[in-house]
There are 2 protein chains.
Amino acid sequence: MKPRDENKINEIYKATLNLVKANGLSGITMQMVAKEAGIATGTLYIYFKNKEALINALFDVCTRSSASTFFSNYDPEQPFKIGFHTIWLNIVQRRVAHFNESIFIEQCFHSPFIDEESKNRLRKMFEPMLQLIERGKTERLIKNMDTVWLLAFMIGSINEIAKRTIYYNIKLTDEILEANFQLCWDGIKA
Amino acid sequence: MKPRDENKINEIYKATLNLVKANGLSGITMQMVAKEAGIATGTLYIYFKNKEALINALFDVCTRSSASTFFSNYDPEQPFKIGFHTIWLNIVQRRVAHFNESIFIEQCFHSPFIDEESKNRLRKMFEPMLQLIERGKTERLIKNMDTVWLLAFMIGSINEIAKRTIYYNIKLTDEILEANFQLCWDGIKA
DNA sequence: CTTTTAACTGAATAATTATTCATTTAATTT
DNA sequence: AAATTAAATGAATAATTATTCAGTTAAAAG
């Protein structure tokens, strides 16, 4: 028997992300995805039951892989600010390096394809971040505000940094990154 | 002759915004829009040439009306911080009160319906804000950073405040608003 | 090297959705 | 109050897009 070319799944994912970035979730068809991935439309259906399954699987892959990079190199033993900085930087860099993915996740959040459960799974992935913020409050290093706002503040500004970096085609130097981190830090610090 | 019911256009707009919030731009059909607006599908085509025209017209209306509220009560003669606070509050409140609209604009930004020119028009609407930021830098009240980042910081965090307010069904009290403003202000201040 | 089996193809079909149009309704004019 | 005209309707049609499937190809097993 002929085995599946498992790499093909990645090609399909890549194609979908590229097309969604360019045309939105509303602007893609299975034919476009197949063509962009360099395969026949029928082949798509060997790997995915239907369009909804493709979108859901990709959403799952995107959230898992991005969440895992968010906390790479993060050591909870380190001082609070070091940990916060590590995660902040990880998220910014992931959002910029995988901008397609960021837009895809954003669009999926308001789409009929993704169910509440998957959305909640995504929210859960920020768990370690929530704990870090609680710790920062306990250590009196950051403002004593409801965590939801501290997180919104951090994530919101990061999202917008990524968008502008890509839209205006800016090269993110260490200097720019540090200056942006400073904005966030000065905001949350006690 | 029978005159057009000009209010119908607003019904169509409202219906579209509600449906896009619930299902995304990819999840709406002209039949759904008509039904939600309480009219026949054919009637939609009396008011809009086609789907693309509807989306474009709505995008235009949304950007214009939201931009105008952003700068209401804003008096450039007032001290910098007052002006900044006014605009900050205007944007947050608009985003929350017209959450549909915010999601629609966000989704349109990555869709084949909206052309580059319309996107640029939207960017231009923040012009008064850019000027205010320049002024803040001149007066040495805020950090001397490229305006693109200061604006990203402000807008990004506002967007996320609005999303969480709606998703978690939070009542935005003056206290919460002020605490969130403080986060932003502490971030940008010199 | 033949057989087997599953991947792969892309045109054909099914399903969905945009758009039209013959007909009906209701405001205005005369 | 009859005539006129454009709005409104919604089923019918056109266009698009998802999905299938009969036929083809290529890897693995024997």
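Keep in mind that this is a model prediction, so the values were computed, not measured.

Draft legend 1. Seen up close, the protein's contact with DNA strand D. Contacts to DNA strand D come from 24 residues, most closely from M30(A), K51(A), K8(B), T43(B) and Y47(B). M30(A) has a polar backbone atom sitting 2.7 Å from a phosphate oxygen of DNA strand D. K8(B) places a side-chain nitrogen or oxygen 2.6 Å from a phosphate oxygen of DNA strand D. At the level of secondary structure, the elements contributing two or more residues to the surface near DNA strand D comprise α2 (30–37) and α3 (41–47) of chain A together with α3 (41–47) of chain B. The greatest single-element share of the surface near DNA strand D, amounting to 5 residues, is contributed by α3(B). Across the surface near DNA strand D, the residue classes break down as 11 nonpolar, 7 polar and 6 charged.

Draft legend 2. Looking closely at the protein's contact with DNA strand C. Contacts to DNA strand C come from 24 residues, most closely from K8(A), T43(A), Y47(A), M30(B) and K51(B). When the atoms of DNA strand C within 4 Å of the protein are grouped by moiety, sugar and phosphate amount to 68% of the total. Between DNA strand C and the protein, one listed contact pairs a phosphate oxygen with a backbone N or O atom of M30(B) at 2.7 Å. In the environment of DNA strand C, a phosphate oxygen lies 2.9 Å from a nitrogen or oxygen atom belonging to the side chain of Y45(B). Looking at the surface near DNA strand C, the elements with two or more residues in it are α3 of chain A together with α2 (30–37) and α3 of chain B. For the surface near DNA strand C, a count of residues per class yields 11 nonpolar, 7 polar and 6 charged.

Draft legend 3. Focus on the side chain of H110(B). Secondary-structure assignment places H110(B) in the loop between α6 (99–109) and α7 (116–124). Discounting chain neighbours no more than four positions away, the residues touching H110(B) are K21(A), N23(A), G24(A), F99(A), I103(A), Q107(A) and Y167(A).

Draft legend 4. Quick peek at helix α4 (residues 51–70) of chain A. Residues and elements named next belong to chain A. For α4, which comprises 20 residues, the first-to-last C-alpha distance of 28 Å matches the rise-based estimate of 28 Å (1.5 Å per residue) to within 8%. For α4, the full list of buried residues reads L54, I55, L58, F59, D60, C62, T63, S66, A67 and F70. Residues of α4 that are buried sit in contact with α1 (7–23), α2, α5 (80–97), α6 (99–109) and α7 (116–124). Regarding α4, its N-cap is N50, as a side-chain oxygen of that residue lies 3.2 Å from the backbone nitrogen of E52 further along.

Cut-offs used in this document
Throughout this description, residue numbers start from 1 for each chain and increase along the sequence as written. Note on labels: chains are lettered from A, ligands numbered from 1, in written order. Confidence filtering applies because this is a predicted model: local features only for residues at pLDDT of at least 70, side-chain atom pairs given and counted only at 80 or more, and all residues used for totals across whole chains, interfaces and linings. Think of the side-chain values as coming from all heavy atoms in the structure, minus any hydrogens and water. One heavy atom within 4 Å of a molecule or strand makes the whole residue count as near it. Counted as a polar contact is a pair of N or O atoms within 3.5 Å, where, for protein atoms, one must be capable of donating a hydrogen and the other of accepting one, and residues adjacent in sequence contribute only when both atoms are in side chains. Under the scheme used here, helices are H or I runs from DSSP no shorter than 4 residues and strands are E runs no shorter than 2 residues, and both carry numbers assigned from the N terminus. Here the nonpolar group is Ala, Val, Leu, Ile, Met, Phe, Trp, Tyr, Cys and Pro; Asp, Glu, Lys and Arg are the charged ones; every other residue, Gly included, is treated as polar. Any pair of residues with heavy atoms lying within 4.5 Å of one another is described as a contacting pair. Expected span, for any helix, means 1.5 Å times one less than how many residues it has. Only protein chains enter the calculation, and the probe is 1.4 Å; a residue is then buried if its accessible area is under 20% of its type maximum, exposed if over 50%, and partly exposed in between.

Worth remembering: the numbers are spatial, not functional.
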